[in-house]
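Fold and geometry: a report
One letter stands for each residue in the lines below.
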Amino acid sequence: MRLLDNAALFNGSQKQNYEVIFIFDEDYWRTSGRSPRQLKFAIDCLDELDTQLQKFKCNIRVFCGNFSEFCDWSNKFESIQFHVNHSTETEYFRNHFCYFKKNTKHHISVYQDFGIQLDTFDRDNWSSSWKKIMESKTYEAPLLNKDNFSILNTLPNVKDWTKSQKNRSDYIQPGGTAGAKKLLHSFFDHRANGYSRKMSNPQEAAYACSRLSPHFSFGSISIRQVYQATLKQMEHNLFVRDLASFKKRLFWHCHFIQKLETEPELEFQSMHYLCDSLREKENDELIEKWILGKTGFPFLDACMLYLRKHGWINFRMRAMIMSFASYNLWQPWQKTSPLLAELFTDFEPGIHICQVQMQSGVTGINLPRIYSVIKQSKDQDPNLTWTRSLLPSLNESNEAIHEANLVNYIRPIIDLKETSKHARDKIWGVRKKNDFQEIAKKVFIKHGSRRNTKRSV
Ligand SMILES: Cc1cc2nc3c(=O)[nH]c(=O)nc-3n(C[C@H](O)[C@H](O)[C@H](O)COP(=O)(O)OP(=O)(O)OC[C@H]3O[C@@H](n4cnc5c(N)ncnc54)[C@H](O)[C@@H]3O)c2cc1C
């Protein structure tokens, strides 16, 4: 959802008789991992784009229904050409979009988004093909439309439709390209100072990280625009080492999404299938306490409360939250993953699902890492000012809070040492099985990064 570097919008505008359609499917926004806070961000982007497109004499129309319904509806028209930007999505969207591609009587062009390989997947050349896409020219603004062009005028326009959506409020980052640009400039200008170090700490990271993730997820800025701007900055910016670390993460963004694109079954199955038998049964009560931030471990609960409030938390804390659910609570990641995704404004299925699997020890190609919530509490918030700001009722000593050994707080729902040992024994037990390495090799060939074979991600 952006004006510039938008392949579908640019190509679709070339004959100067075009309209933009937003497919609003209520059920999609209720499927696996989607939530009102993400929809709110999307609507911000849509509103802004609609205003920008007025200058190009173009309307955005809203079709309420799914892609299959849209397909059947649009087949009534004589001749339309569709231009669509691809997105790597979960099963619900994929199924409806496949129906649309198969059954539409109109011509359809689908453009690659991010640095993902669509039809010509080749892991060995992936890095160079990503670089080529990132360094290629960005798309310019669309062309001006013909006066009063409209064939979809039975559909509501965005302004009318968004009025009916105004009640969906949630306090989260605002969407839109203007906001994304502002974040990028302030990041280059001063916020990136110390980025590589500060990103681990939940309080510092909120300021020192770029915070561009929801903008990438909803397309209010492109990875290519940011990559090219970063390269330029690196020629003179004072925080060049921080920017190098940031640039690496832009690569990871697409690298992770490629995994789900290549193997959509990852939404439901572990990358290493032997790991699927590890955690078979869920415990709803434990999962509820975890997702509501009521585990009895103050630092972990503070992270969850922060995420619930702001729709974002830094990478390390996301990894710790997930590790706790999968290792200490021993819950199947398939159950916990969508609940966590709903809380992220930046939910990006490819990154999320693959990271969830990584932090649950089920990929076969990453060494399992169990985060200790007590160690993270001591490392990341030694004085507990951040934790206390989120849990103001905590009134005992710092040591008691770090160790979760409290009289006036929820009793820890599990024993940390015991559950970590249980998890280690189980995970290493499966990894010792005869065919584990053989299967892991195949996973690596399909999904492993060729950039650094020692730490394949
Ligand atoms: C369990 C778990 C779930 C996650 N789910 C998501 C998700 O749904 N959407 C999402 O965008 N990120 C997800 N991440 C990755 C990461 O935490 C976020 O990308 C990052 O915190 C976003 O903040 P930022 O934009 O300020 O990042 P910055 O540090 O400024 O990084 C810039 C960009 O690089 C990319 N990036 C950074 N770290 C990673 C990473 N480890 N893997 C892949 N790409 C990365 C993102 O696009 C990010 O916007 C998840 C991580 C974990 C451990």
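Bear in mind the structure is a predicted one, so any value in this text is a computation, not a measurement. Along each chain, the written sequence defines residue order, and numbers are assigned to residues from 1. Local features in a predicted model are, by the rule used here, given only for residues with pLDDT of at least 70; side-chain atom pairs are given and counted only at 80 or more, and totals for whole chains, interfaces and linings are based on all residues.

For helices the rule is a DSSP run of H or I covering at least 4 residues; for strands it is a run of E covering at least 2, with both sets numbered from the N terminus onward. When helices and strands are tallied, the chain shows 22 helices and 4 strands. Dimensions of the chain, computed from the C-alpha atoms along their principal axes, are close to 70 × 50 × 45 Å. Three exposure classes are used. Buried residues have 20 or more other C-beta atoms within 10 Å of their own C-beta, exposed residues have 12 or fewer, and partly exposed residues fall in between, all C-beta atoms being placed from the backbone. When each of the 457 residues of the chain is scored for burial, the buried share is 42%. Contacts here follow a simple rule: the backbone-placed C-beta atoms of the two residues must lie within 7 Å. By sequence separation, contacts in the chain at least 24 residues apart represent 83% of the contacts at least 6 residues apart.

So, on to the pairing of strand β3 (residues 81-85). As judged from the 5 bridges shared by β3 and strand β4 (residues 107-111), these two strands associate in the parallel manner. What sits directly across from Asn85, in β4, is Tyr111. For two strands to be treated as a pair, DSSP must find at least two bridges joining them.

By size, the foremost hydrophobic cluster in this structure holds 71 residues, and its most contacted members are Leu300, Cys303, Met320, Ile321 and Phe324. Each residue touching Ile321, except ones within four places of it in the same chain, is listed here: Leu300, Cys303, Met304 and Leu340. The term nonpolar core means buried Ala, Val, Leu, Ile, Met, Phe, Trp, Tyr and Cys residues held together as one set by C-beta atoms within 7 Å. Counting residues in each nonpolar core, the second largest holds 19 residues, with Met1, Val20, Ile60 and Phe218 among its members.

So, about the site of the ligand. Proximity of a residue to a molecule or strand is defined by its backbone-placed C-beta atom lying within 6 Å of that partner. Around the ligand sit 28 residues in total, of which Cys209, Ser210, Ser213, Arg249 and His352 are the nearest. Only α10 (213-218), α12 (240-262), α15 (315-328) and α17 (349-358) provide two or more residues apiece to the shell around the ligand. Tallying contributions element by element places α12 first for the shell around the ligand, with 6 residues. Tallied by class, residues from the shell around the ligand come to 15 nonpolar, 8 polar and 5 charged. A domain assignment, automatic or from a database, supplies the domain bounds used here. Of the residues that make up the shell around the ligand, three or more belong to each of domain 2 (177-256) and domain 3 (266-447). Put simply, Ala, Val, Leu, Ile, Met, Phe, Trp, Tyr, Cys and Pro go in the nonpolar bin, Asp, Glu, Lys and Arg in the charged bin, and everything else, Gly too, in the polar bin.

Before going further, it helps to examine the environment of Lys55. Within the secondary structure layout, Lys55 lies in the loop between α2 (36-54) and β2 (60-64). Judged by local crowding, Lys55 falls into the exposed class, with 10 C-beta atoms found within 10 Å. In sequence terms Lys55 and Leu144 are 89 residues apart; their C-alpha atoms lie 7.9 Å from each other.

Moving on to the domain arrangement of the chain. By domain assignment, the chain separates into domain 1 (7-163), domain 2 (177-256) and domain 3 (266-447). Its C-alpha centre places domain 1 at a distance of 26 Å from the equivalent point of domain 2. Counting residues at the interface gives 11 residues for domain 1, matched by 12 residues for domain 2. Within the residue set of the side of domain 1 that touches domain 2, elements represented by two or more residues are α2 and α5 (126-135). Counting residues per element, the side of domain 1 that touches domain 2 draws most heavily on α2, at 4 residues. Taken together, the residues of the side of domain 1 that touches domain 2 sort by class into 8 nonpolar, 2 polar and 1 charged.

On to the pairing of β2. As paired strands, strand β1 (residues 20-24) and β2 are joined by 5 bridges and run parallel to one another. Bridged to Ile23 within β2 is Phe63. With respect to chirality, the unit in which β1 leads through α2 into the neighbouring parallel β2 is right-handed. Assignment of crossover handedness uses the view with strands pointing away from the viewer, where a clockwise path from the first strand over the helix to the second indicates a right-handed crossover.

By the burial criterion, the buried members of helix α3 (residues 67-74) are Phe67, Phe70 and Cys71. Relative to the axis of α3, the buried residues are bounded by an arc of 105° and lie together on one face. Taken together, the buried residues of α3 touch β1, β2 and α4 (91-103). The directions from the helix axis to the C-beta atoms are what the arc is built from.

Moving on to helix α22 (residues 436-447). If you check α22, its first and last C-alpha atoms are 16 Å apart, about what 12 residues at 1.5 Å a residue would give, namely 16 Å. Buried within α22 we find Ala440, Val443 and His447. The buried residues of α22 all sit within an arc of 55° when viewed along its axis, so they share a single face. For α22, the exposed residues set more than 90 degrees away from the buried face come down to Glu438, Lys442 and Ile445. Multiplying 1.5 Å by the helix residue count minus one yields the expected span of that helix.

For Phe188, the location among the structural elements is in helix α7 (residues 177-191). A C-alpha to C-alpha distance of 7.5 Å links Phe188 and Asn237, two positions 49 residues apart in sequence. Filtering out sequence-adjacent residues up to four positions away, Phe188 remains in contact with Gln233 and Asn237.

So, about the environment of Lys182. Counting through the fold element by element, Lys182 comes out in helix α7. Separated by 84 residues in sequence, Lys182 and Leu266 have C-alpha atoms that sit 35 Å apart.

The packing of two helices is summarised by the inter-axis angle and the distance between the axes. Note on method: axes are straight lines fitted to C-alpha atoms, helices fitted across the in-contact stretch only, with angles between N-to-C directions ranging 0 to 180 degrees. Where helix α16 (residues 333-343) contacts α17, the axes come no closer than 10 Å and their chain directions differ by 135°. Classed by the angle they form, the pair α16 and α17 counts as oblique. α16 and α17 meet at a crossing whose hand is right-handed. When α16 is examined against α17, the residues Trp333, Ser337 and Ala341 are found in contact with a partner set consisting of His352, Ile353, Val356 and Gln357. Taken together, the residues of the contact of α16 with α17 break down into 4 nonpolar, 3 polar and no charged. Oblique is the label for any angle not under 35 degrees, not over 145, and not in the 65 to 115 range, which are roughly parallel, roughly antiparallel and roughly perpendicular in turn. For a crossing to be left-handed, the near helix must be turned anticlockwise from the far one by less than a right angle; the clockwise case is right-handed.

So, on to the packing of helix α14 (residues 298-310) against α15. Running from amino to carboxyl end, α14 crosses α15 at an angle of 115°, the nearest separation of the two axes being 10 Å. Crossing handedness for the pair α14 and α15: left-handed. Contacts from Leu300, Cys303 and Met304 in α14 reach Met317, Met320, Ile321 and Phe324 in α15. Residues of the contact of α14 with α15, tallied by class, amount to 7 nonpolar, no polar and no charged.

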